[in-house]
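Architecture at a glance
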There are 2 protein chains.
Amino acid sequence: MGNAKRPDEFELIARFFAPLAEGESGALGLQDDAALLRPEEGKRLIVTTDTLSAGVHFPAEEAPGDIAAKLLGVNLSDLAAMGARPWVYTLSLSLPEDWQPSFLEEFARELGRQQEAYGLHLVGGDTVAGKGPLTLTLTVIGTVDEGGELRRGGAQAGDHVYLSGTLGDGALGLRVMQGEIDGLAGNHAEELLARYRRPRPRVQLGLRLAGLASAAIDVSDGLVADLGHLAKASGQDAVIEAGPVPFSDAARAAFALVPDLMETAFTGGDDYELLFTAPPTAADDIEGLSKELDLALTRIGQMGADGKDAGDVRVIDDDGREMTFTETGYRHF
Amino acid sequence: MGNAKRPDEFELIARFFAPLAEGESGALGLQDDAALLRPEEGKRLIVTTDTLSAGVHFPAEEAPGDIAAKLLGVNLSDLAAMGARPWVYTLSLSLPEDWQPSFLEEFARELGRQQEAYGLHLVGGDTVAGKGPLTLTLTVIGTVDEGGELRRGGAQAGDHVYLSGTLGDGALGLRVMQGEIDGLAGNHAEELLARYRRPRPRVQLGLRLAGLASAAIDVSDGLVADLGHLAKASGQDAVIEAGPVPFSDAARAAFALVPDLMETAFTGGDDYELLFTAPPTAADDIEGLSKELDLALTRIGQMGADGKDAGDVRVIDDDGREMTFTETGYRHF
């Protein structure tokens, strides 16, 4: 479609975006000045926004479907960390000068798939032909019952620390993409890449943690940094026991090749798993939830164990020695 | 501050953005994964998003305060056109590689002023160091009483067409900025420039039009194009009488120098005035509202006057002749 006439914004809306608004009458078919939404009575709203930019958050040549999945995934992960049910979103696209309609076609198709999987709809947006690389901003609104929200600041001394899924696959996937893990088997490389490209926001888990978890955050900056955010907000320190931390087979294969990647797993970002705390009395319920959702929920540490400063996070290996890292989390600039 | 150490994202939030979240407890101090908002019972939500990009929507060297005012202004204008009261917003900034803290300082200071003027608060956002020009996306949420919303599609045959303020100042201001109006007096040039740089969203007017206006839209693409959008959504044609259309002294001075600029006024965008329709029975109330708000609300045309196709808009001069234009509105690409 390299030489196809490019549609104007009104045609873009009709062709690619209006279909994504079907099913939510408040979107007004993307035809009015704004969306007109009726919030469910008694619910609170959870609102978050994230921007992804080509060359920073994904390579410029990334597949349109992967970009769509990542954009929605990182935003839904924030909702999951607050225990919210996805409802609606707005999308802003700043397109590069050489954009092609085929890009938007594949991009919108994947958004449609994600909408179906997570139960939300597009209700507004803006598309501009910019002078720079593709830059996308998504703002998502979810709903949560009064008091059902998960916060970062509710952890108490003695609470257990849990992690969903496995640690480090996202950050290791980025290393695979950058060609930094020589000799990794193809299936392992593919698996890690997929985890980096397509986050699996733990929306169902977030919804089920109301009443169980005392605090929650998603792992986007890295385990150590994000537990630090949670611990600081809760006025506690925290200890992670490295022994029980769950890793995928692909991650273990990567560690076997490059032992230093263990640090990447603990401090790298992009996992989009949920990190949460719960009192010891909730242990059985959490085990039951893990079975029900068929999702590992592993106890990896404890809050307030060392009486250190709020926000202090230590990682202890099987021999009781503290592990030290050169970087403790994703640096935003 | 050219060589000052640049703060990381956490410092940016604390220094520039967290103060803008004070006053809205649901922002959680911008410290959690998302905002947690309690919508007022029985209200509907109005949600809109707009993106501005350097080199497309404003010059790269534009003053930070002007960029902030324009970004918030264009979004609030969409709320005004729906009759909504501003409530909260999220802000995404994709900064150029050479961004300076002084930019954000001035930018945030103006956001604070605008927040105070329009009664809304920042509740979330994202800041990324991009590889392209400054690109900003704002998503604003307003509230409206059930049934109090203004829509594009409610105009009836015989309704009068009204315009707030004066026509064309924004588009003429852009021409001034581009150096295309030689000989214009300094005060007139300044006035037009200010209208282009700093939209004055008609939020109060929008709130007061509930129950009076049958349809509304803001003039962002240009009078002829935007009345076309309203007319099409309403299933009507429309006629504008050029005679009564209100112009500022600065615009009249520009027309005297370059008569072709009259076309710019009718078809150019960026005015951010409200264009609305109302039944003839509302005429006295609208006149009263105009006096109360100290804002011109001028009857400039009629809906369904010619029995043409829905969306057809004709402009008739004082002699009853149809005026024709080479471009009827802002082209988005």
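Read on for a plain summary of the structure. On a predicted model such as this, the values are computed, not experimentally measured, just so you know. (Residues numbered from 1 in each chain as written. Chains lettered and ligands numbered in written order. Predicted model: local features only at pLDDT ≥ 70, side-chain atom pairs only at ≥ 80, totals over all residues.)

1. Looking at the sheet that holds strand S10 (residues 297-303) of chain B
Residue and element names in this part refer to chain B. The following threshold applies: For two strands to pair, DSSP has to find at least two bridges joining them. Secondary structure elements follow DSSP: runs of H or I of four or more residues count as helices, runs of E of two or more count as strands, with numbering from the N terminus. Our contact criterion uses C-beta atoms placed from the backbone: two residues qualify when those atoms are within 7 Å. Axis angles are defined between N-to-C directions and span 0 to 180 degrees, where every axis is a line fitted to C-alpha atoms and, for a helix, only to the segment in contact.
Taken in spatial order, the seven strands line up as S7-S9-S6-S10-S8-S11-S12 in an open sheet, and their pairing is mixed. Each edge of the sheet is formed by a strand with only one pairing partner; in this case those strands are strand S7 (215-218) and strand S12 (322-323). Of the pairings in the sheet, the one linking S7 to strand S9 (residues 274-278) comprises four bridges and is antiparallel in character. Following the sheet pairing, Ala215 is matched in S9 by Thr277. Where helix H2 (residues 64-82) meets the sheet, its contacts fall on S7 and S9, and the angle it forms with S7 comes to roughly 170°.

2. Focus: the relation of the copies chain B and chain A
Put simply, the rule is: Residues reaching a pLDDT of at least 70 in both copies supply the C-alpha atoms on which the copies are superposed by least squares.
Expressed as a screw transformation, the operator carrying chain B onto chain A has a rotation angle of 180° and an axial translation of 0.0 Å, and the superposed copies differ by an RMSD of 0.0 Å. The symmetry that links the two subunits is that of a two-fold axis. Ranked by how close their C-alpha atoms come to the rotation axis, the residues of chain B are headed by B:Gly132, at 2.2 Å. When the interface residues of chain B are mapped onto chain A, 100% of them again fall at the interface, so both copies present the same face.

3. Side note on the interface of chain B and chain A
The criterion, for reference: Only Asp, Glu, Lys and Arg are considered charged, only Ala, Val, Leu, Ile, Met, Phe, Trp, Tyr, Cys and Pro nonpolar, and every remaining residue, Gly among them, polar.
Taken together, the contact between chain B and chain A spans 53 residues of the former and 53 residues of the latter. At the level of elements, strand S1 (35-37), strand S2 (43-53), H2, strand S3 (85-95), strand S4 (121-129), strand S5 (135-145) and S7 of chain B are the ones that each hand at least two residues to the side of chain B that touches chain A. Considering every element that reaches the side of chain B that touches chain A, the biggest residue donor is S2(B), with nine residues. Here the side of chain B that touches chain A is built from residues that sort into 19 nonpolar, 17 polar and 17 charged.

4. A short note on the sheet that holds strand S4 (residues 121-129) of chain A
Reading across the sheet, the five strands line up as S4(A)-S3(A)-S5(A)-S2(A)-S1(B) and stay open at both edges, with mixed pairing between neighbours. On the outer flanks of this sheet lie S4 of chain A together with S1 of chain B, each paired with one strand and no other. The average undirected angle you get between the axes of adjacent strands in this sheet is 15°. As defined by bridge partners, strand S2 (residues 43-53) of chain A adjoins S1(B) across three bridges and the pair is classed as antiparallel. By the bridge assignment, A:Val47 is partnered in S1(B) with B:Ala35.

Interpretation in functional terms is not warranted from these geometric data alone.
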